[in-house]
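Summary of the model geometry
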Amino acid sequence: MMHHDFQLDSDALHQQIDAARSQVDHIDAAGLLSAVTLTSPLAAADMARLWFSSIDTAAIFDHAAALRAPEAHNLETFSPLYMTNTCDAECKMCGMRTDNRALQRETADVDGVIAQLRILSQRGMLAVALLTGEYRRERRDWAMRYVNAAVRATQELKFGHVLINVGSIDDDEFDVLLDGVDRDDDGAIMPKLTMSTFQETYEPEVYRKFMGQTPGNPRADFARRLVNFDRAFRAGMRVAHPGILLGLNPALIYELTALVLHSRHLQKLGMEVYLSVPRLRRISGGASHRDVDDESFVRLVSLLALALPTAKTVITTRENREMQQRLAPVVRVISAGSAAVTPYTPAGANFPLETSQFEVIDQRPFEAILSDHEAKGATFDNYNPPRVAA
């Protein structure tokens, strides 16, 4: 069945948001909020109206938490596994950008990646995000084969969820990436493999500023990246993980609304959707560009939960322990781990900034982080730590 690729009219979206701002003194914000249910999610225009309204962030958060309450104990988890920190992209905010001389480059061989997967498995972590850099066309065949070997290893090791973060790739490259992966009779991928491709910013001008415009730069084409999930769907993938990087564009509600529109498009295709809204963090050789304050961050995540109640928002250890605890009632996924290349040990992880994509704030072992939530009654999918004999 044919489907239309996602399209974003940024001018129309700006007009919609401007209209919402102008209406803020004439709306019943509390009434808009109280009308939101699991079967009647928050409309995109109403999300913008609530963003600009004077209603307390706490009230928005409390309503989102109340909707989630019946299943709030049921969370998911995964750990990131950076296979390499090489990259051909030029993203100014990223430690892995090609011209960052402060970053020490490392690439694990396939055996090293498999050894890391075994460590995670032995520690009870059975969901993993496989991450590489992003590469020019002539290098992507290597990257696809490299990640494919890791994907095959996750299936042999019985990982329940594997997220693949390799950037935007072309239709034919999915054939290599997914080679040998089981499919059902309709061609859909059978293991839970998630395509992770963060647009970072849905504002084309901001995108050009941070991602660069050099010909051949794998991040330079905004429109091509925007439809990577549509290509993944045609290739048989049925789980998508879009995201925005908070701190690039000061117009947060524009980014949030665009993310919601994109996610609803993917849900209409029949894709399960995970969502990420990380904040900028320090990188090797530099600092973050802007900060997004805690109250704005909580307001944004809460509105996201009201607009997309069936999507699964991810909170990671880019955030400190306090913020993880604060947002747990309105998110679905707690992800813990290191942003360095193959960092895991039998008891913890290494966090060297000089080889990491960004600074991780909470550097405790994932067992300790997840146990915080388990102590409050949470249970985690894809996490089954070995039992310690009494």
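See the structure printed just above.
This report concerns the structure included in the present document. Note that the structure is a prediction, hence the values are computed from the model and not measured.

Along the backbone of the protein chain there are 14 helices and 9 strands. For the protein chain, the C-alpha radius of gyration of 20 Å lies close to 21 Å, the compact-globule estimate for 390 residues. If one aligns the C-alpha atoms of the protein chain with their principal axes, the spans along those axes are about 60 × 60 × 50 Å. Relative to its full complement of 390 residues, the protein chain shows a buried share of 58%. Within the protein chain, contacts between residues separated by at least 24 positions form 77% of all contacts whose residues are at least 6 apart in sequence. Of the accessible surface of the protein chain, which amounts to about 16100 Å², a share of 49% is contributed by carbon and sulfur atoms. Across the protein chain, the centroid of the 41 positively charged side chains sits 2 Å from that of the 51 negatively charged ones.

This part takes up unusual backbone geometry. Positioned with a positive phi, Glu200 is a non-glycine residue whose angle comes to about 75°. Among the structural elements, Glu200 can be located in the loop between β4 (193-196) and α8 (204-211). Judged by its relative accessible area of 9%, Glu200 falls in the buried class. Even without glycine at this site, Asn382 takes up a positive phi of about 65°. Counting through the fold element by element, Asn382 comes out in the segment after β9 (379-381).

Mapped onto the elements of the fold, Asp88 is located in the loop between β1 (74-82) and α5 (110-122). A relative accessible area of 10% places Asp88 in the buried class. A C-alpha to C-alpha distance of 39 Å links Asp88 and Asn74, two positions 14 residues apart in sequence. In contact with Asp88, other than residues within four places in its own chain, are Thr98, Glu134, Tyr135, Arg136, Arg139, Asn217 and Pro218. A distance of 2.7 Å separates the side chain of Asp88 from the side chain of Arg139, its partner in a polar contact.

Here we take up the pairing of strand β3 (residues 161-165). Counting buried residues in β3 gives 5 out of 5 residues, a clear majority hidden from the surface. As judged from the 5 bridges shared by strand β2 (residues 127-131) and β3, these two strands associate in the parallel manner. Bridged to Ala127 within β3 is His161. On the question of chirality, the crossover connecting β2 to the parallel β3 by way of helix α6 (residues 137-156) is right-handed. Of the strand pairs in this sheet, β3 and β4 are connected by 3 bridges, and their pairing is parallel. Note on β4: the bridge partner recorded for Leu163 is Thr194. Read from β3 through helix α7 (residues 171-177) to β4, the crossover connection turns out right-handed.

How each quantity is defined
Throughout, a residue's number is its position along its own chain's written sequence, starting from 1. Two thresholds apply to this predicted model, a pLDDT of at least 70 for residue-level local features and 80 or more for giving and counting side-chain atom pairs, whereas whole-chain, interface and lining totals are computed over all residues. No hydrogens and no water enter the side-chain calculation; it runs on all heavy atoms of the structure. In this description a helix means any DSSP run of H or I spanning at least four residues, a strand means any run of E spanning at least two, and both kinds are numbered starting from the N terminus. Between the two quantities, the radius of gyration covers C-alpha atoms and the globule rule is 2.2 Å times the number of residues to the power 0.38. Each residue is placed in one exposure class: buried if its accessible area under a 1.4 Å probe, protein chains only, is under 20% of its type's maximum, exposed if it is over 50%, and partly exposed if it falls in between. Two residues form a contact once any of their heavy atoms are found within 4.5 Å. Areas reported here follow the Shrake-Rupley algorithm with a probe of radius 1.4 Å; residue values treat only the protein chains shown as occluding. Under this rule, positive means Lys or Arg and negative means Asp or Glu; His and the chain ends count for nothing. By convention, the charge on Lys lies at NZ, on Arg at CZ, on Asp at CG and on Glu at CD. Counting of polar contacts relies on pairs of N or O atoms within 3.5 Å, with two restrictions inside protein: one atom must be capable of donating a hydrogen and the other of accepting it, and residues adjacent in sequence are counted only when both atoms are side-chain atoms. A strand pair is defined by DSSP finding two or more bridges across the two strands. By convention a crossover is right-handed if, when the strands point away from the viewer, the path from the first strand over the helix to the second runs clockwise.

Geometry only, nothing functional implied.
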